[in-house]
Protein chains: 4
Amino acid sequence: MGNSYGTLFKISTFGESHGKALGVVIDGCPAGLDIDESFIQQELDRRKPGQSKITTQRSEDDIFEILSGVFEGKATGTPICLVIHNKDQKSKDYSHIADKYRPSHADYTYDVKYGIRDYRGGGRSSARETAARVAAGAIAKSFLATKGIKISAYVSQVGDIIAPDYPSLDLSQTESNIVRCPDEQAANQMIELIDSIRKNRDTIGGIVSCVATGVPAGLGEPVFDKLHAELGKAMLSINAVKGFEYGSGFEGVKMKGSEHNDAFYQEEDKVKTKTNYSGGIQGGISNGQDIYFKVAFKPVATIMQDQESIDSQGNPATVSGKGRHDPCVVPRAVPIVEAMAALVLADFYLINQTTKLRD
Amino acid sequence: MGNSYGTLFKISTFGESHGKALGVVIDGCPAGLDIDESFIQQELDRRKPGQSKITTQRSEDDIFEILSGVFEGKATGTPICLVIHNKDQKSKDYSHIADKYRPSHADYTYDVKYGIRDYRGGGRSSARETAARVAAGAIAKSFLATKGIKISAYVSQVGDIIAPDYPSLDLSQTESNIVRCPDEQAANQMIELIDSIRKNRDTIGGIVSCVATGVPAGLGEPVFDKLHAELGKAMLSINAVKGFEYGSGFEGVKMKGSEHNDAFYQEEDKVKTKTNYSGGIQGGISNGQDIYFKVAFKPVATIMQDQESIDSQGNPATVSGKGRHDPCVVPRAVPIVEAMAALVLADFYLINQTTKLRD
Amino acid sequence: MGNSYGTLFKISTFGESHGKALGVVIDGCPAGLDIDESFIQQELDRRKPGQSKITTQRSEDDIFEILSGVFEGKATGTPICLVIHNKDQKSKDYSHIADKYRPSHADYTYDVKYGIRDYRGGGRSSARETAARVAAGAIAKSFLATKGIKISAYVSQVGDIIAPDYPSLDLSQTESNIVRCPDEQAANQMIELIDSIRKNRDTIGGIVSCVATGVPAGLGEPVFDKLHAELGKAMLSINAVKGFEYGSGFEGVKMKGSEHNDAFYQEEDKVKTKTNYSGGIQGGISNGQDIYFKVAFKPVATIMQDQESIDSQGNPATVSGKGRHDPCVVPRAVPIVEAMAALVLADFYLINQTTKLRD
Amino acid sequence: MGNSYGTLFKISTFGESHGKALGVVIDGCPAGLDIDESFIQQELDRRKPGQSKITTQRSEDDIFEILSGVFEGKATGTPICLVIHNKDQKSKDYSHIADKYRPSHADYTYDVKYGIRDYRGGGRSSARETAARVAAGAIAKSFLATKGIKISAYVSQVGDIIAPDYPSLDLSQTESNIVRCPDEQAANQMIELIDSIRKNRDTIGGIVSCVATGVPAGLGEPVFDKLHAELGKAMLSINAVKGFEYGSGFEGVKMKGSEHNDAFYQEEDKVKTKTNYSGGIQGGISNGQDIYFKVAFKPVATIMQDQESIDSQGNPATVSGKGRHDPCVVPRAVPIVEAMAALVLADFYLINQTTKLRD
């Protein structure tokens, strides 16, 4: 249970970190959409390990294969299955944790819930699963692009280093540095911090911010499937995420209504708001302004240090840090955040085509 | 679309603020559960307007009626329909906004999405809909109580007044004051602040925190329906919510992994963690520790002041504050947060009964 | 569980035979649709008891009330709740079966499944629940009418009396007699048979046939949610139904492919087939020809005779026929079959609006 | 849309007849279940082409591979992905029908619905997709076996040759002949008939009957997801199926209530019925008696004869029979019917674990 997402643009992911393959089945991609394999690969490459000195040094190439649903370069309306075969499966590396519960990992909870666990590399609980999401998200992005919708995520905070707020940033610069922060000065400080954290065999958290532009008014399905509620769920389902806020977010609680309300005005037949504390969403429905939100990531739980813990019999045990891991997850999380946002928006776009009586 | 929630313990709400009635259909409540009508009423009373000087002075008694699914005081396993008839329907009060878009309300987005809108009191977008959730949540709470699970929400922040953190609070004191903050000193400051905001015909935001105790390890359905992801969606679906975080939340991004990891230990056959930055959830599954999370509410959009806006033709229009509204939503939001948390946990509890092969 | 139907045009029914009320929540009715209350009532009247000498003589007027989702005569896109209050609740009539398992009823299975049962009049298992379906189906029919789709069911068999096949019938004559068979001669024989069965305190089965015209090619969602599979489920979910077939149905198994295949031809830009053994559905998708199918109803289980059975302790017990019941269910089942077909087609119509990339 | 089935034991299939691979993702298989790969292969072999002189002579070996969800021979509770790679992809064979609409196939309806179509071997509409169902069904069968539930389908009719009814048959004999009819005499006649049909380059229909034994009382979720309604949908979703009936079925319409009612009695603490016209299901819920139903299959649409049709421009065109096809589909349909029945029962078994309040 729980491995599917979406109503009309629906995905189901499968696969363990060190199993034969990861993959995703997309059911409901509109027929006729151009499927650009090089774009899918490009998105996977933004997420792949080993891409820079501040990510894990594991090298996985994450080459995908389309098994179904695409004919002569176009989606046929039938399920699209994408598979990423696992190559670097050094399973022996994981025997040392087969019976131990790593702190703040899912080892213990999976054991209790399922009574059995593929312990190799975290199994299903590994963030490696998000590669399947990125692949599916690339297709959702392609669909949204045909509607003029664009999603841009970036790193806005690492530890206590905070980039300026988005309206002042040039989001086209996000990919210009390895930390994926469009502000050069903040980016340099972030890279330096992550590098120093890595040298101390420790990890650090961060925030990914995301902006969606070109979203027409009308997306979102109150009262439960509000646009921001679904975005929130989608983001919180990403490994290591601890919080989600949109528009004014947690800071907004300190504001007065007279400050926080976004005044409407009309400009050339377009309804706009003077401020955007609403984050582009009112009553759970997009209002045509930019949608923006923030996603908080905790420090990676795997650290290169010895930690006290217990084994599955409840005996004390020491967990030793081994292998190659990310000192900070946010640079590689940027495409994952974009992918999940794209999946949510594509789904709501389709649902909204059925809301009103039409000819 | 979007008016149902849950998989096995499933609710569907209906009703507009000034229509004939609000209500909810619960499908999947385990047969045999005692349905305590006085407890449901008590929960509704915690949410009802007019309960104190810091809430709206509208008086609605929110008396409910059970139409189906209960026989001789017990749930029969068939759908339970609860209806709350609307009495105080002063529809004329709302003619002044029939054609205007109130700032930061859902008037504009509902108009665009549906092409038609019941403008009376906000119609379906009114927070009055949450009465149906509270009624359903009371039943979910009763179910959870049979499993030893208890949910306690409280007001932890109003404007910039912040109560101490939960482990140091006595949560049995939440109902001892009208703002529902268990810390007496903070409570008094909050009440004073809300009162002063109200006198200035303005509104203010706040935070509701929530703790769930007695939750067994194993609830939550990765990879998409993680426990905190579903809690996040449930909370974000409540009117005026702008953010959700659990465990260390947004503050956690500043921490190092070596500080943030929760060390396991065993005490009398029970697995515990020394700290609880995980907020009782690891890998999207409850780990047996207390679950805690925070929900950020923006300042109420309806203020008793004139505001510039536009009408549905795009012409400038002034929106005047009228009627009786809440200066701060959080005191009445406490039972709503608890209700949604109860619905999420009840659903996952049932799903988890099917996870493992059992005799 | 199991009380909702549909994906985008979704209904949830509630209510027991002798509870306070029956009802339905419709979520996803396209906003702007005219809601014609007199048409809904007219459909309910076609199903109501006491309408003729060959139905039960119980008199229930089945007056409905709309609680939500309709404003100024139009659907607003929010959930529509329709309630039918129960008036004729002579609960005392049912004390004699409180503890007995009536043969071929659901008393025993409900007791085993739920451990508790509202025994009054069959509770939730009563066909009275279908009133809620008919009300919802009337709205679905109104939606389909805006697309030129019309659904016509009729009685095609009672016992061994069989009406001629549909292409030779004038379906406008269905309502011209009380058994709802458009062939006058067969109708008279059917009425006579039912009357004689009733006098013998017995019951008899029958078949309802259904034709949908004006259905555009393209409806249905293979591979599981094929149009005929969903129609089949919808029909089989109606009380007393034992079988479903479409197009050539069970008779088709005797045919050769060379006889059974429907040859395509084109006439004035329209693709047609020379025969229609496919029943208007190919590969699970409508092909633009008339859709037709048959639904088999067993004889009503309640007979006015003493029957041997057991009570809930397993002791032998005699069940005596009491009250006023239908000697044959099919005349009143005609609007129910139409309602369920309308709900299925409305749902697929909406889904199909999202299948192809559109501008 | 439409490529998933089930609520808790949920499958999603993918793949085209001549694409790279077919497959299925199973989400919700109880953790700890033994996954017996040889049993899965054995089930696939019962469905595979080329298995006897009365099936298609195409030879496909249908070797499967498990990509995820199984660890050390057991289900882990995470999604199980099974893939069957296509080997015999002679795509050139199909160029002759790329632009033609084969009679009673899905070519035309897929073209209208999706605007694009993988025409090779019928693409997604090919019965080859059912291999994925058989693989998933094998796992569902293994789960049911742990509960003492057994499903046995067999061929009960080919053309007008009809086997005796099930209570008189020895179902252990089903696999003793190539037509899968447990009655030797009828089996021989069926084989002869199919052989003669094949020589005439034609095809013929048939019926598969199915019996489920050991099903506990309580499975099925009224009012919409009744056990027989879901079985009906599952069967009707199989290629070439035109009808479904259970218990007394269409013949039951001719019976009187006094004949048709199944009298209850108790035998050694077990509730039983003297007759079983109910087919083991009352009120949509299993009653502990044998469940039995029939599934009608039309004659295969592909015949080895020239047929008149049109092309995608609406011009007249001749479709010539080519390739190797089944003269009658029912012998190979037996494991498919069993697989779908197993999936339905496994799902309801799990749901039923959550119906009543339990300790």
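Scroll up for the structure.
Described in the following lines is the structure provided in the data block.

Criteria and thresholds
- Residues numbered from 1 in each chain as written.
- Chains lettered and ligands numbered in written order.
- Predicted model: local features only at pLDDT ≥ 70, side-chain atom pairs only at ≥ 80, totals over all residues.
- Heavy atoms only, no water.
- Helix = DSSP H or I, 4+ residues; strand = E, 2+ residues; numbered from the N terminus.
- Contact = heavy atoms within 4.5 Å.
- Buried area = accessible area lost by both parts, 1.4 Å probe.
- Salt bridge = Lys/Arg side-chain N within 4 Å of Asp/Glu carboxyl O.
- Least-squares fit on C-alpha atoms with pLDDT ≥ 70 in both.
- Patch = residues over 30% accessible without salt bridge, like charges linked within 9 Å, V, L, I, M, F, W, Y side chains within 5 Å.
- Areas by Shrake-Rupley, 256 points an atom, 1.4 Å probe, with all protein chains shown as cover.
- Lys, Arg positive; Asp, Glu negative; His and termini not counted.
- Charge placed at Lys NZ, Arg CZ, Asp CG, Glu CD.
- Buried < 20%, exposed > 50% of the residue type's maximum accessible area, 1.4 Å probe, protein only.

What follows is about the environment of D:S156. All names here are of chain D. Examined against the element boundaries, S156 turns out to sit in strand β8 (residues 150-158). Sequence separation between S156 and Q41 is 115 residues, and the spatial gap between their C-alpha atoms is 25 Å. Not counting chain neighbours up to four residues away, the residues in contact with S156 comprise I161, I162, A163, M190, I207, V208 and S209.

Taken together, the contacts link 105 residues of chain A with 105 residues of chain B. Interface area for chain A against chain B, summed over the two sides, is near 8,000 Å², with a carbon-plus-sulfur share of 61%. Taken as a group, A:K113, A:F224 and A:K242 account for 11% of the area that chain A buries against chain B, more than any other trio of residues on that side. Taken together, the connections running from chain A to chain B amount to 8 salt bridges. In this structure, B:E230 engages A:K233 in a salt bridge whose closest nitrogen and oxygen atoms are separated by 2.9 Å.

This part is about the relation of the copies chain A and chain B. Turning chain A through 180 degrees and shifting it by 0.0 Å along the axis lays it on chain B, with an RMSD of 0.0 Å. The superposition of one copy onto the other is thereby described by a two-fold rotation axis.

Time to look at the relation of the copies chain D and chain C. When chain D is fitted to chain C, the residual RMSD is 0.0 Å, and the transformation amounts to a turn of 180 degrees plus an axial shift of 0.0 Å. A share of 100% of interface residues in chain D that are also interface residues in chain C marks the association as one of identical surfaces.

Together, B:K356, B:R358, D:K356 and D:R358 give the surface a local cluster of positive charge. Its location among the elements puts B:R358 in the segment after α7 (330-352). Using a relative accessible area of 30% as the deciding quantity, one classes B:R358 as partly exposed.

Turning our attention to the environment of B:G2. Within the element layout of this structure, B:G2 appears in the segment before β1 (4-5). Remark: the alpha-carbon pair of B:G2 and B:T13, spanning 11 residues in sequence, is separated by 9.7 Å. Residue contacts for B:G2: discarding those within four places in its chain leaves A:E221, A:P222, A:V223, A:F224, A:D225 and C:D27.

Right, let's talk about the side chain of D:S248 for a bit. Considering the arrangement of structural elements, one finds D:S248 in the loop between β11 (241-246) and α6 (257-260). When its relative accessible area of 10% is taken as the criterion, D:S248 is described as buried. In contact with D:S248, other than residues within four places in its own chain, are C:K242, D:H260, D:Y277 and D:Y292.

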